[in-house]
Amino acid sequence: MDQNQKKEAVAKAALQFVKPDTIVGVGTGSTVNYFIDGLADMKNDIIGAVSSSNASTERLKKHGIQVFDLNEVDDLDVYIDGADEVTEHKHMIKGGGAALTQEKIVSAVARQFICIVDDSKRVPMLGKFPLPVEVIPMARSYVARELVKLGGDPVYRQGVTTDNGNVILDVHNLEILNPRELEAQINNLAGVVTNGLFAMRGANVVLCADDNGVNQYD
Ligand code: 5RP
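Residues numbered from 1 in each chain as written. Predicted model: local features only at pLDDT ≥ 70, side-chain atom pairs only at ≥ 80, totals over all residues. Heavy atoms only, no water.

- Per an unreviewed UniProt entry, the protein goes by the name Ribose-5-phosphate isomerase A and belongs to Salinimonas profundi.
- If you open the UniProt record of the protein and go to Function (unreviewed entry), you find "Catalyzes the reversible conversion of ribose-5-phosphate to ribulose 5-phosphate." (UniProt positions renumbered as here; feature names shortened; annotations may be inferred.)

Structure follows, in C-alpha cells:
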C-alpha cells in the first residue's frame, strides 16, 4: 500500500468508532479528509459534526453533514484526527496543517481521541517533525527568542495565517524528553496561543495503517 492508501484504510477503520445519533468531533488534514468522505455515507445516522478548521467545515458541508458550533454542544463522544508524529505513549505532535488550536479545543471536549495515522508517523520519540507553535502576530519575535532559550530553532511559517488570524513558528531540533512538561512550558510563554504537543491530552486510541492492514493501540 502507498501512503495515501494507508491513510484511506485507517480513516475508514475509524468509522467504527462513530456511534449513531451523536455529534462527531472532526480533525483536519489529508487523513481526516478520507474520514470525512467516509462519514458522508453515514450522514443519515449521525446528528452532525463539530469541526476543527475552515477546511474541514467546508468538506463536511459539501457532503451535506451539518456542522455545529462547539458552543452549542455539551458533549462529544469521539474526536477523530490525524497526527504528524505519535509515540507508544499516545503523545502526539500536531499542527502540520496549522489547525492545532481548534484541534486542541475540540479534542478537549471529546471523551475519546481516536488518532488515525499511517506507519510513517509512529516514532520512538517526538521532535523530528518540527513542533508548530501558534503565536499572536505581535509576539512572534519575542516567542522565537524564548523558544531558542528552550533549545529549539524556530522558523516562521511564511505566508500562513491560521483560522484564528495568527502565525505559526515551526520549532526544529527540540529534544522532547518530557512532552507534558514542554507542552505546559511553551503554552506559558506570553503570546503563545497553543503548541502542537498533545501530551497532557494524548490520544485514547491510535489506529495505524501499515502494509498488513490497520492496527489498534489502546
Ligand atoms: C493539522 C494536523 C494534522 O492532523 C496533521 O498535520 C496530519 O495531517 P495529515 O493527515 O495530512 O498527514 O495536525 O493541523
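Observations concerning the overall build of the protein
Okay, step 1: When helices and strands are counted, the protein shows 6 helices and 14 strands.
Okay, step 2: The C-alpha atoms of the protein give 17 Å as radius of gyration, which agrees with the globular expectation for 218 residues (17 Å, within 12%).
Okay, step 3: Taken along its principal axes, the extent of the C-alpha atoms in the protein is 50 × 40 × 30 Å.
Okay, step 4: Taken over 218 residues, the protein has a buried fraction of 54%.
Okay, step 5: Taken as a whole, the protein presents about 10,000 Å² of accessible surface, with 46% of it coming from carbon and sulfur. (Helix = DSSP H or I, 4+ residues; strand = E, 2+ residues; numbered from the N terminus. Rg over C-alpha atoms; globule rule 2.2 N^0.38 Å. Buried < 20%, exposed > 50% of the residue type's maximum accessible area, 1.4 Å probe, protein only. Areas by Shrake-Rupley, 256 points an atom, 1.4 Å probe, with all protein chains shown as cover.)

Quick word on the sheet that holds strand S9 (residues 153–156)
Okay, step 1: Strand order in the open sheet made by the 4 strands is S9-S10-S8-S11, with antiparallel pairing throughout. The outermost strands of the open sheet, each flanked by one partner alone, are S9 and strand S11 (192–195). Recorded for the sheet is a direction-independent mean angle of 30° between the axes of neighbouring strands.
Okay, step 2: Summarising the sheet, strand S8 (residues 131–135) and strand S10 (residues 167–172) pair through 5 bridges and their orientation is antiparallel. For valine 135, the partnering residue across the bridge sits in S10 and is valine 167.
Okay, step 3: Of the strands in this sheet, S8, S9, S10 and S11 touch helix H5 (residues 140–149), which is tilted by about 15° from S10.
Okay, step 4: Helix-sheet contacts for helix H6 (residues 179–187) involve S8 and S11, and the interaxial angle to S11 is about 165°. (Pairing = 2+ DSSP bridges. Axes fitted to C-alpha atoms, helices over the stretch in contact; angles between N-to-C directions. Contact = heavy atoms within 4.5 Å.)

A look at the site of the ligand
Okay, step 1: Around the ligand lies a shell of 17 residues, among which Ser30, Thr31, Asp84, Gly95 and Lys121 are the nearest.
Okay, step 2: At a separation of 3.4 Å, an oxygen atom of the ligand approaches a polar backbone atom of glycine 82.
Okay, step 3: Contact between the ligand and lysine 121: an oxygen atom at 2.8 Å from a side-chain N or O atom of the residue.
Okay, step 4: In isolation the ligand offers 380 Å² of accessible surface; the protein chains occlude 91% of this area. (Near = heavy atom within 4 Å. Polar contact = N/O pair within 3.5 Å; in protein donor to acceptor, adjacent residues only side chain to side chain.)

Let's talk about the sheet that holds strand S6 (residues 92–93)
Okay, step 1: With respect to topology, 3 strands assemble into an open sheet ordered S5-S6-S12, the strand pairing being antiparallel. In the strand order of this sheet, the two ends are held by strand S5 (85–86) and strand S12 (197–198), each with one partner.
Okay, step 2: Note: S5 against S6, 2 bridges, orientation antiparallel. What sits directly across from valine 86, in S6, is methionine 92.

Looking at the pattern of salt bridges
Okay, step 1: Taken as a whole, this structure holds 12 salt bridges when the rule is applied.
Okay, step 2: Across the salt bridge formed by glutamate 183 and lysine 104, the nearest N and O atoms sit 2.9 Å from each other. Of the two residues, glutamate 183 is situated in helix H6 and lysine 104 in helix H4 (residues 100–109); the sequence distance between them amounts to 79 residues. Taken individually, glutamate 183 and lysine 104 each receive the classification buried, so the pair is uniform in this respect.
Okay, step 3: One salt-bridge network, held together by shared partners, links Lys19, Asp75, Asp77 and Arg111. (Salt bridge = Lys/Arg side-chain N within 4 Å of Asp/Glu carboxyl O.)

Observations concerning unusual backbone geometry
Okay, step 1: The backbone of lysine 90 sits at a positive phi, close to 70°, despite the residue not being glycine.
Okay, step 2: Counting through the fold element by element, lysine 90 comes out in the loop between S5 and S6.
Okay, step 3: Even without a glycine there, the phi angle at asparagine 173 is positive, about 60°.
Okay, step 4: Positionally, asparagine 173 belongs in the loop between S10 and H6.

Concerning the UniProt feature "active site" (unreviewed entry) in the protein
Okay, step 1: The residues that UniProt annotates with the feature "active site" (unreviewed entry) are Glu103.
Okay, step 2: Mapped onto the secondary structure, glutamate 103 falls in helix H4.
Okay, step 3: Judged by its relative accessible area of 3%, glutamate 103 is buried.
Okay, step 4: Contacts of glutamate 103, omitting those with residues within four sequence positions, involve Thr28, Ser52, Tyr79, Asp81, Lys94, Gly95 and Phe198.
Okay, step 5: One polar contact links glutamate 103 to lysine 94, side chain to side chain, over a distance of 3.1 Å.

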